[in-house]
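# Inside the fold
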Amino acid sequence: MCSVRQLTLLVVLHSPLVHSFIPSPALRAATVDTSQLAAGMPQQVHIALTKKNTEMSATWVTFEEVNQQINFRQLSTTKMYTNNAETTKFVNPTGVIRYVHRAVMTGLTPGESYAYQVGRQGYLSKEFVFKQLSLQPPYNILVFGDLGVYKGESIPSMLQDAEEKAYDLIVTVGDYAYDLFSNNGTTGDQFFATLEPLFATVPFMVVAGNHEAEEQWAANYTTYRNSFTMPEEGYGDNQFYSFDVGPIHFIGLSSEYYGFYYIYGMDPVFNQYDWLVKDLQASNKNRDTRPWIFSYSHRPFYCSNDYNDECNTFENQLVRDGFLEMPGLEQIFYDQGVDITFWGHMHSYERFLPRTPSAKETADPYNNPAGPIYFISGSAGCHNNHATFGDPDEYSAARNSEFGYTRVFVPNSTHIRFEQYSVEHDAIVDSVWISKDRQTPFTKDTKVDDAIICHPKDMHCHKRRKAGRQFQIKH
Ligand SMILES: *[C@@H]1O[C@H](CO)[C@@H](O)[C@H](O)[C@H]1NC(C)=O
Ligand SMILES: *[C@@H]1O[C@H](CO)[C@@H](O)[C@H](O)[C@H]1NC(C)=O
Ligand SMILES: *[C@@H]1O[C@H](CO)[C@@H](O)[C@H](O)[C@H]1NC(C)=O
Ligand SMILES: [Fe+2]
């Protein structure tokens, strides 16, 4: 979040914490200044998965209009392949021009390592190495949200992890750099340049947070759109998409399409929901080979932070419950058996018990969970201080507000470990194994044919669905 309300309060009080904040020496040492680079030098390289497990996309920036290529080779060989980049002239909301280059490395073999450079003759980036995701576990996944650069207290530790090749994949939940567009976009430049050793060597998957919406210019997420290349679902949109990692089907979603519908309209919500229904139905047919479904988006359905009304603002409720013709996400997550969801927006960590429409499970809730399990991981280092907590939500199982991030370890297709790492204490502050051998959606409280899927614009169907709604809104 970093809500306006909270910021106003801090400014009014002249909070000594905010004004005296000094980035740690490690963070200051890690921060990269890009302003001295030649305009034609490629910078801010980051890679991401595509829909194919034999490809990896790369995205980077120059400040001059130049043709760019990507040169890549399997690490163990010298045979070099070259693909051309597609270039977009990107004029940011304050009028500054950048050239965004996108290229795809093709014909890769899962599980193999590759080296690559981007740029052109005489102006090449350094050589980066990544491992193409294996088809089978084990996997180590980094999850984080709400990471700035000025106060990005997790950055030195993440860069250390990158050096140790600790991760196969990075999944994030929005609010990058605070903000990508700030200071004519130089805040975003610094964020990408500082984290390049991580983002250029591990596929970095993103969704939009409220700080990416650029609603003050009605600029339609333009910096986000031009900064990231996500798997293409045929909508020309990088805010919702899915991909597979061994036993897990991942779905990235935009909560911001709900949050800013009053500026950008409802169509993005309908497009995303239509697509989501199809994507979930297809992945449910495939549970034998891919038993887990994970989703991630920015604003939580639930939280128990002090600024609790943040979790109960109109916008957050509408992501969960829908509004007018817009269907919310909670019911479909339950009906279609989304196992795990990550959120950010609150600048803390919170783990919830499996969320079911009826009473919560108590005996062994993490083995064959009866409903979706939600995690908030928004404590990577926003632009303000530790979040504080209020009364716990009735499903809240663990909370921590120290700066840090989440690590997910997937040893095989039945067991997954989630742990919260505090960079402040160099310690694991929460850890849980979730296991399942059931390969169907939740069956406990709902029959599958109770799950009426409506066209979101079909008001008649939608009203019936609302009437039969199983989750109650709590105030
Ligand atoms: C942004 O760019 C404009 C035009 O180049 C310049 O006048 C302004 O000072 C810049 N603002 C910041 C915050 O750098
Ligand atoms: C925002 O951008 C998307 C993608 O370019 C486009 O489809 C959509 O119509 C735009 N929305 C508005 C309100 O400009
Ligand atoms: C999967 O990993 C867990 C945790 O290490 C282990 O207990 C379990 O036996 C493994 N399952 C299989 C089928 O290897
Ligand atoms: Fe946020």
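These figures come from a predicted structure and were not determined experimentally. (Residues numbered from 1 in each chain as written. Chains lettered and ligands numbered in written order. Predicted model: local features only at pLDDT ≥ 70, side-chain atom pairs only at ≥ 80, totals over all residues. Heavy atoms only, no water.)

## Quick look at the overall build of the protein
A tally of regular secondary structure across the protein gives 13 helices and 26 strands. Burial analysis of the protein (475 residues in total) assigns 59% to the buried set. Contacts in the protein between residues at least 24 apart in sequence constitute 72% of all its contacts with a sequence separation of at least 6. Accessible surface for the protein amounts to roughly 18,700 Å². Of this, 51% is attributable to carbon and sulfur atoms. (Helix = DSSP H or I, 4+ residues; strand = E, 2+ residues; numbered from the N terminus. Buried < 20%, exposed > 50% of the residue type's maximum accessible area, 1.4 Å probe, protein only. Contact = heavy atoms within 4.5 Å. Areas by Shrake-Rupley, 256 points an atom, 1.4 Å probe, with all protein chains shown as cover.)

## Thoughts on the pattern of salt bridges
Tallied over the entire structure, the rule returns 17 salt bridges. With a closest N to O distance of 3.0 Å, Arg287 and Asp339 form a salt bridge. Residue Arg287 is found in the loop between helix H10 (267–284) and strand S17 (292–296), and its partner Asp339 is found in the loop between helix H12 (330–335) and strand S20 (340–343); the two are separated by 52 residues along the sequence. Residues Arg287 and Asp339 agree in their burial class; the two are buried. Across the pair Glu419 and Arg417 runs a salt bridge, and its minimum N-O distance is 3.3 Å. (Salt bridge = Lys/Arg side-chain N within 4 Å of Asp/Glu carboxyl O.)

## A few points about the sheet that holds strand S23 (residues 396–400)
Taken in spatial order, the seven strands of this open sheet run S15-S16-S17-S20-S22-S21-S23, and their pairing is mixed. With one partner strand each, in any of the chains shown, strand S15 (241–245) and S23 form the two edges of the open sheet. Adjacent strand axes in the sheet meet at a mean angle of 15° when their direction is disregarded. Note that strand S21 (residues 349–352) and S23 share four bridges and pair antiparallel. Paired with Tyr349 across the bridge in S23 is Asn400. Against the sheet, H10 makes contact with S15, strand S16 (248–252) and S17, and its axis sits at roughly 175° relative to S16, the strand it touches most. (Pairing = 2+ DSSP bridges. Axes fitted to C-alpha atoms, helices over the stretch in contact; angles between N-to-C directions.)

## Examining the confidence of the model for the protein
Looking at the protein as a whole, the pLDDT averages 89, with 87% of positions reaching at least 70. Note that residues 3–20 has pLDDT below 50 and, in this model, 15 contacts with residues that lie over four places away or in other chains. This stretch, residues 445–452, has a pLDDT under 50; its non-local contacts, to residues over four places away or in other chains, come to 12 contacts. (pLDDT = per-residue confidence, 0-100.)

## Concerning the site of ligand 3
In the vicinity of ligand 3, the residues found are Pro411, Asn412, Thr414, His415 and Trp433. At 2.4 Å, a side-chain N or O of Asn412 approaches an oxygen atom of ligand 3. Within the complex, 39% of the 360 Å² of free accessible area of ligand 3 lies under protein. Residues that form the shell around ligand 3 fall into these classes: two nonpolar, three polar and no charged. (Near = heavy atom within 4 Å. Polar contact = N/O pair within 3.5 Å; in protein donor to acceptor, adjacent residues only side chain to side chain. Nonpolar A, V, L, I, M, F, W, Y, C, P; charged D, E, K, R; others polar.)

## Concerning the environment of Glu233
Along the chain, Glu233 falls in the loop between helix H7 (222–227) and S15. Its relative accessible area of 18% is what places Glu233 among the buried residues. Measuring from C-alpha to C-alpha, the distance between Glu233 and Thr50 comes to 9.9 Å, with 183 residues separating the pair along the chain. Beyond its immediate chain neighbours, meaning those up to four positions away, Glu233 contacts Lys51, Phe240, Tyr241, Ser242 and Trp275. Within the structure, the side chain of Glu233 is placed 2.9 Å from the backbone nitrogen of Ser242, a separation counted as a polar contact.

## As for the packing of aromatic side chains
A complete count under the given rule lists 42 aromatic pairs for this structure. With a centroid separation of 6.4 Å and 75° between ring planes, the pair formed by Phe250 and Tyr296 is classed as edge-to-face. Of the two residues, Phe250 is situated in strand S16 and Tyr296 in strand S17; the sequence distance between them amounts to 46 residues. The same class applies to Phe250 and to Tyr296, which are both buried. Here a set of aromatic residues connected by ring pairs shows up, and it is made of Tyr241, Phe243, Phe250, Trp292, Phe294, Tyr296, Phe342, Tyr349, Phe375 and Phe418. Looking at Lys79, its charged tip hangs above the ring of Tyr81, at a distance of 4.9 Å from the centre. We note Arg407 situated over the ring of Tyr421; from NZ or CZ to the ring centre the distance is 4.2 Å. (Phe/Tyr/Trp six-rings, centres within 6.5 Å; stacked < 30°, edge-to-face > 60°. Lys NZ or Arg CZ within 6 Å of the ring centre and 35° of its normal.)

## Comments concerning the site of ligand 2
Surveying the vicinity of ligand 2 reveals the residues Asn220, Arg225 and Tyr264. Here an oxygen atom of ligand 2 and a side-chain polar atom of Asn220 are 2.3 Å apart. Arg225 is positioned with one of its side-chain polar atoms (N or O) 3.3 Å from an oxygen atom of ligand 2. For ligand 2, whose accessible area on its own is 360 Å², the fraction buried by protein is 37%.

## Some thoughts on the pairing of S20
Burial of S20 is two-sided: the residues Ile340 and Phe342 facing one way and the residues Thr341 and Trp343 facing the other way are all buried. Note that S17 and S20 share three bridges and pair parallel. Each residue of the ladder has a partner; that of Tyr296, found in S20, is Phe342. Pairing analysis gives four bridges linking S20 to strand S22 (residues 373–377), with the strands arranged parallel. Bridging across to S22, Phe342 finds its partner in Phe375.

## As for the sheet that holds strand S26 (residues 427–435)
Read across the sheet, six strands follow the order S14-S12-S10-S24-S25-S26 without closing on themselves; strand pairing throughout is mixed. This sheet does not close on itself; its edge strands, each paired only once, are strand S14 (204–205) and S26. Here two bridges tie strand S12 (residues 169–172) to S14, and the two strands are oriented parallel to one another. Paired with Ile170 across the strands is Phe204, a residue of S14.

## Comments concerning H10
End to end, H10 covers 26 Å across 18 residues, agreeing with the expected 26 Å (1.5 Å per residue, within 8%). Along H10, the positions that sit buried rather than exposed are Pro268, Val269, Phe270, Gln272, Tyr273, Trp275, Leu276, Val277, Asp279, Leu280, Ser283 and Asn284. (Expected span 1.5 Å × (residues − 1).)

## Quick notes on the side chain of Asp168
In this fold, Asp168 is placed in the loop between helix H4 (155–163) and S12. Side-chain polar atoms of Asp168 contact the backbone nitrogen of Asn140, separated by 2.7 Å. Residues within four places of Asp168 in sequence aside, it is in contact with Lys131, Leu133, Pro138, Tyr139, Asn140, Val202 and Pro203.

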